[in-house]
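# Structure assessment
In case you want the letters, here they are:
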Amino acid sequence: MKVGVVSFPGSNCDEDALLAIVERLHESAVLLWHKDHDLQGADVVILPGGFSYGDYLRSGAIARFSPIMQEVVAHARRGGPVVGICNGFQIACEAGLLPGALLRNVSLQFRSMPVTLRVETTQTVFTHAARTGARLTMPIAHGDGRYTADAETLARLEGEGQVVFRYIDAHGEPTEAANPNGSMRNIAGVCNPGGTVVGMMPHPERALEPLLGSTDGLVLFESLLTSVKA
Amino acid sequence: MTTHATPRPGDPAITPALVAEHGITPDEYDRVVAMLGRTPTLTEIGIISALWSEHCSYKHSRPVLKTLPTQAPWVLQGPGENAGVIAIGDGLAVAFKIESHNHPSAVEPYQGAATGVGGILRDVFTMGARPIAMLNSLRFGSLDTPRVRYLVAGVVNGIGDYGNCVGIPTVAGDVMFDAAYEGNPLVNAMCVGLLREEELIRAKAEGVGNPIIAVGARTGRDGIHGASFASEDLSEENEAKRPRVQVGDPFTEKLLLEASLELIRSGHIVAIQDMGAAGLTSSSAEMAERGDVGVTIDTTKVPVREAGMTPYEILLSESQERMLVVATRGREAEVKAILAKWDLVAEVIGEVIAEPVYRVTEGDRVVAEFPGTRLVTDCPQYHPEARESEAAIARRTRDVASISERPEEIDPIWTLTRLLEAPTIASKRWIHRQYDSTVRTSTVAGPGHADAAVIRIRGTRKAIAVKTDCNGRYVYLDPRVGGRIAVAEAARNVACTGATPRAITNCLNFGNPKKPEVFFQFREAVYGMGDACRALETPVTGGNVSLYNENPQGAVYPTPTIGMVGVLEDAAHATRMTFTTTGDAILLLGEPREELGGSEYLAWIHGTVAGAPPACDLDAERALTGAILEAIRAGHVRSAHDCSEGGLAVALAESCIADETSPLGAEIDLSSWATLSRRALLFGETQGRIVVSTADADAVTAIATRHGVPVRRIGTVRPAADGLSLQIGTTRWTAPLDQLADAYHGAIPRAMSRAAAESVVAEGAA
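Scope of this entry: the structure provided in the associated data block. Everything quoted here is computed from the prediction, not taken from an experiment.

Further remarks concern the overall build of chain B. What chain B contains, in helices and strands, is 26 helices and 28 strands. Relative to the globule expectation of 27 Å for 766 residues, the C-alpha radius of gyration of chain B, 26 Å, shows essentially globular dimensions. If one aligns the C-alpha atoms of chain B with their principal axes, the spans along those axes are about 90 × 55 × 55 Å. In chain B, buried positions account for 67% of the 766 residues. Looking at chain B alone, contacts between residues at least 24 apart form 86% of all its contacts between residues at least 6 apart. Just so you have it, chain B exposes about 24700 Å², and 51% of that area is on carbon and sulfur atoms. One way to put it: in chain B the 72 positive side-chain charges average out to a point 2 Å from where the 95 negative ones average out.

Turning our attention to the overall build of chain A. Across its full length, chain A holds five helices and 11 strands. For chain A, whose C-alpha radius of gyration is 16 Å, the value lies close to the compact-globule estimate of 17 Å for 230 residues. Taken along the three principal axes of its C-alpha coordinates, chain A extends 45 × 35 × 35 Å. Taking all 230 residues of chain A together, 63% fall into the buried category. Pairs at least 24 residues apart make up 75% of the contacts formed inside chain A by residues separated by at least 6 positions. Here chain A contributes 18 positively and 24 negatively charged side chains, and the mean placements of these two sets differ by 3 Å.

Bringing the pattern of salt bridges into the picture now. All chains considered together, the criterion is met by 58 salt bridges over all chains. Residues A:R185 and A:E158 are paired through a salt bridge, measuring 3.5 Å at the closest nitrogen-oxygen approach. Of this pair, A:R185 sits in the loop between β9 (163-168) and β10 (187-191) while A:E158 is found in helix α4 (residues 151-159), placing the two residues 27 residues apart along the sequence. Take A:R185: its relative accessible area is 44%, and that puts it in the partly exposed class. Classification of A:E158 as partly exposed rests on a relative accessible area of 28%. Three or more residues joined by partner-sharing salt bridges are found here, namely A:E23, A:R24, A:E209, B:R456 and B:R458.

Our next topic: the packing of helix α10 (residues 250-266) of chain B against helix α13 (residues 332-341) of chain B. All names here are of chain B. With their axes 9 Å apart at the nearest point, α10 and α13 run at an angle of 150 degrees to one another. Considering the angle they form, α10 stands roughly antiparallel to α13. Here α10 and α13 pass one another in a crossing that is right-handed. Residues A259, E262, L263 and S266 of α10 touch α13, and the partners they reach there are V335, I338, L339 and K341. Classifying every residue of the contact of α10 with α13 by side-chain character gives five nonpolar, one polar and two charged.

Residues and elements named next belong to chain B. Strand order in the open sheet made by the seven strands is β23-β25-β22-β26-β24-β27-β28, with mixed pairing throughout. With one partner strand each, in any of the chains shown, β23 (637-642) and β28 (731-735) form the two edges of the open sheet. Between one strand and the next, the sheet's axes are offset by a mean angle of 20 degrees, whatever the strand orientation. Sheet analysis places strand β24 (residues 665-669) next to strand β27 (residues 724-728), joined by four bridges and oriented parallel.

Here we take up the interface of chain A and chain B. Contacts between chain A and chain B engage 28 residues on the former and 32 residues on the latter. Buried area between chain A and chain B, summed over both chains or domains, comes out near 2400 Å², and the portion from carbon and sulfur atoms is 54%. Across the pair A:E209 and B:R456 runs a salt bridge whose closest N-O atoms are separated by 2.7 Å. The interface formed by chain A and chain B holds 14 residue pairs in polar contact (both at pLDDT 80 or more) in total. Contributions of two or more residues to the side of chain A that touches chain B are made by α1 (14-24), β6 (111-119) and β7 (135-142) of chain A. For the side of chain A that touches chain B, the residue count by class is 13 nonpolar, seven polar and eight charged.

Our focus in this paragraph is the nonpolar core. One finds A:L47, A:V72 and A:F221 to be the most contacted residues of the largest nonpolar core, which totals 69 residues. Apart from the residues within four sequence positions on either side, A:V72 is in contact with A:V6, A:L39, A:V45, A:L47, A:V82 and A:L97. With 64 residues, the next largest nonpolar core counts B:F140, B:L255, B:I338 and B:W430 among its residues.

Further remarks concern the packing of helix α8 (residues 146-166) of chain B against α10(B). Residue and element names in this part refer to chain B. Their axes nearest at 8 Å, the elements α8 and α10 cross at an angle of 35 degrees. At the point where α8 passes α10, the crossing takes the right-handed sense. Taken together, the residues of α10 that come into contact with α8 (itself represented by D161, Y162, C165 and V166) are P250, F251, E253, K254 and L257. Residue composition of the contact of α8 with α10, by class: six nonpolar, no polar and three charged.

What follows covers α1(A). Among all positions in α1(A), only A:D14, A:D16, A:A17, A:L18, A:L19, A:A20 and A:I21 are buried. Remark: A:H26 follows α1(A) within two positions and exhibits a positive phi of approximately 55 degrees.

Another point: the sheet that holds strand β9 (residues 294-298) of chain B. All names here are of chain B. Pairing is mixed across the open sheet formed by seven strands, whose spatial order is β8-β10-β7-β11-β9-β12-β13. The sheet is open, and its two borders are formed by β8 (269-274) and β13 (365-371), each paired with just one other strand. Between one strand and the next, the sheet's axes are offset by a mean angle of 25 degrees, whatever the strand orientation. For β9 and strand β11 (residues 345-353), the ladder comprises four bridges, and the chain directions are antiparallel. Counted as the bridge partner of G294 is I353 from β11. α13 rests against β7 (211-216), β8, β10 (322-327) and β11 of the sheet, and its axis sits at about 150 degrees to β11.

So, how was this worked out
- Residues numbered from 1 in each chain as written.
- Chains lettered and ligands numbered in written order.
- Predicted model: local features only at pLDDT ≥ 70, side-chain atom pairs only at ≥ 80, totals over all residues.
- Heavy atoms only, no water.
- Helix = DSSP H or I, 4+ residues; strand = E, 2+ residues; numbered from the N terminus.
- Rg over C-alpha atoms; globule rule 2.2 N^0.38 Å.
- Buried < 20%, exposed > 50% of the residue type's maximum accessible area, 1.4 Å probe, protein only.
- Contact = heavy atoms within 4.5 Å.
- Areas by Shrake-Rupley, 256 points an atom, 1.4 Å probe, with all protein chains shown as cover.
- Lys, Arg positive; Asp, Glu negative; His and termini not counted.
- Charge placed at Lys NZ, Arg CZ, Asp CG, Glu CD.
- Salt bridge = Lys/Arg side-chain N within 4 Å of Asp/Glu carboxyl O.
- Axes fitted to C-alpha atoms, helices over the stretch in contact; angles between N-to-C directions.
- Parallel < 35°, antiparallel > 145°, perpendicular 65-115°, else oblique.
- Left-handed = near helix turned anticlockwise from the far one by under 90°.
- Nonpolar A, V, L, I, M, F, W, Y, C, P; charged D, E, K, R; others polar.
- Pairing = 2+ DSSP bridges.
- Buried area = accessible area lost by both parts, 1.4 Å probe.
- Polar contact = N/O pair within 3.5 Å; in protein donor to acceptor, adjacent residues only side chain to side chain.
- Core = buried A, V, L, I, M, F, W, Y, C linked by side-chain atoms within 4.5 Å.

What follows is the structure, encoded as structure tokens:
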């Protein structure tokens, strides 16, 4: 498997995502420069976290216009796997690869803390190897993470199994107290109708080693392996 | 030699009033005239006012700073560069530095704090190091006042927005609240970076004919005279100096970071320096002085944001996210190409010259010219009078044992609960949850988990531990002892995580040095730091002095903030502060004494800052550090937490409840020290003590004894439902953990939600 990680100006989790693939999965990965038009033969594209172009207009709003994004969108249209993490999720929404939008956290503050997620579907390239209902703990670190969509879109997402992750509490329930940013229906991640494009606010690449406190992100990256090699 | 410079058309006449307005004393002005052999131009007056400001020149502090130890085999770069550097083995090194942004943060907390973070980041990456961790040491007045809550919210937001965007984890720090900081908050930012030893680059101009290049953001009219602003007391008029505060752009900083590291590794440049305080002036003059070469700069070549800027403005602007680079002649195109890749500007603005002169031109007109490096070296040094204030002596010598207990203190759990909600002690989660602490996937122990933050070093087994610390009350009450404690406590914190303390950076926050009582505090505190640095083998690798932290109501507590770096040979040894396992033995290393002076207990429960601060026995501290490190490395320690503000009882409570997700109880018996007063035993701040939990009490006891450290088993870790129980003699008190946790975790959010409610009201009214 070869993974391409896009480096936008202002990306700051691109190296973390690259190292996750190379050091933890022992697969190959390359950084894809935002000014290029070449995916370098990547099977999977990761849109990493950060503050692309400073996010001064609106998170992800400028990144979607960069040259590399034209290739990423074409790759996604061909059914190629794309994973957007944090700012990458925001970019994927802005680029129309995923429904909905990420608004300012309801607290109006940045939130950096561990959260617990429930896997709502395994029918995606990023959750294939997980178990439905599995609880995963990993960090969030964002200011604009409040998932928002209109009622019709939400109904469709729920009906078609496109809600991938929800924030839950210690009892496994998607309560308001467990919701770190005010996301509708505690949604932490969604996918496109085919399950080939997945976006999520939490950072699975930060939960791959016991030394760093959690290995719960591994199953998600391993899902990419089975998705690509299948 | 004589120098030549021509006034610009329209420059005002150089009058005593104009000189005074620039903060230059008549004696200093005479030195300038003698140096030049003529009347200086306005541009030259501006340059002198910046470079001879306290902030840039250290004119009151340097003679005292020279007494600090700066050498050790592992020190690769000591004071005098953008940042200090120490070797950590495996060919790797760590660059680190702390710096203040107190004055800007007092008038514009968001931008003041944000640009403080930006400046310290640049100091570290200009050494060739990639920043890997940020810390912040903050001091505010009482959270009871709306103004302080506004400052806290703004400073925290500014730090978070800047560091989060650049993508450097903010992992540790320290925050204290005391009315002494009411008008002058302290905002000290520290950055730590990693480099290979051979990548180390210094800011030393070299090579006649080499081009000098301005890199990064364009120069605007913001922050002019920031360095001079930081060198005077704050007053009502300072609100009007808000334009002297710069505006930060973390996105440009991120690009500049990547471009600078690429530039350094390209081999096309010989030196690089941040255009920080006093901007182009100080960066160019200091690079020339270090290289002992001449430089010439043409201000018309500097990329500017707006037309019509004068040389004076261009030289003194503190616009952010700019660098000054000396490149190898002939490589200009390569340098520009690297900057262009990152969408940044690079323009040749001058060159290194053989003639020993610092020259500024505006096109063909020479507007400033100084002989050799005397612009930097001729700044006078002062040896002000030092005398301890009667007020401080009176406070220190007060008999605090005679302060009678409040009726509620009959129940020590009441006192403990009140102390856990004191903002200085309470959980700082409200603050650090606004900082990204996990980006870069190397944070082994982040904020609130251990006595210091632990960051692993990729590609090795190693990790580093980092912490800032200083109790300004102790320094106020006894500057020499307080200075020792600041270093000793930072070392103890780092050692509690399993790291050998290696070196410090410091940020010396004091009042007006021309006042004898302030200079006394400064001198004695630095001597105290020096004592501890020598004893603990943690030399000083650099830092920053921030004086004039005072307003008409008075000066801040003298606050020499210490930024300590330690090294763990094995990241797996990283040890946290919270109990982990029911049934573990709880041991106390070190011994309680009858000491209440300067304690948070007296300040928070009795509203009194008085008494002698706890004694600091540096031999005992050294033995303690050795013992805890050996016990951790032998694998015997499950948790380690030092006793600081709030004393032993607060340390025990924190070990029970600091980790909200898995609290544990403890059954404690302190009868061995029943002869001490109860409040000194529970809440006194005797130094040199660590609470340890272990599965092998005998092994830890043997190690401590071998190091000559007093050690005693004081209890056992229990399930959370058992709470924290404390026994002295025949009396036992038990606190439910949820009561303690609510006080500890809830205090600051409750205080700050009042602030949110106020701002809603204010907006509604507007």
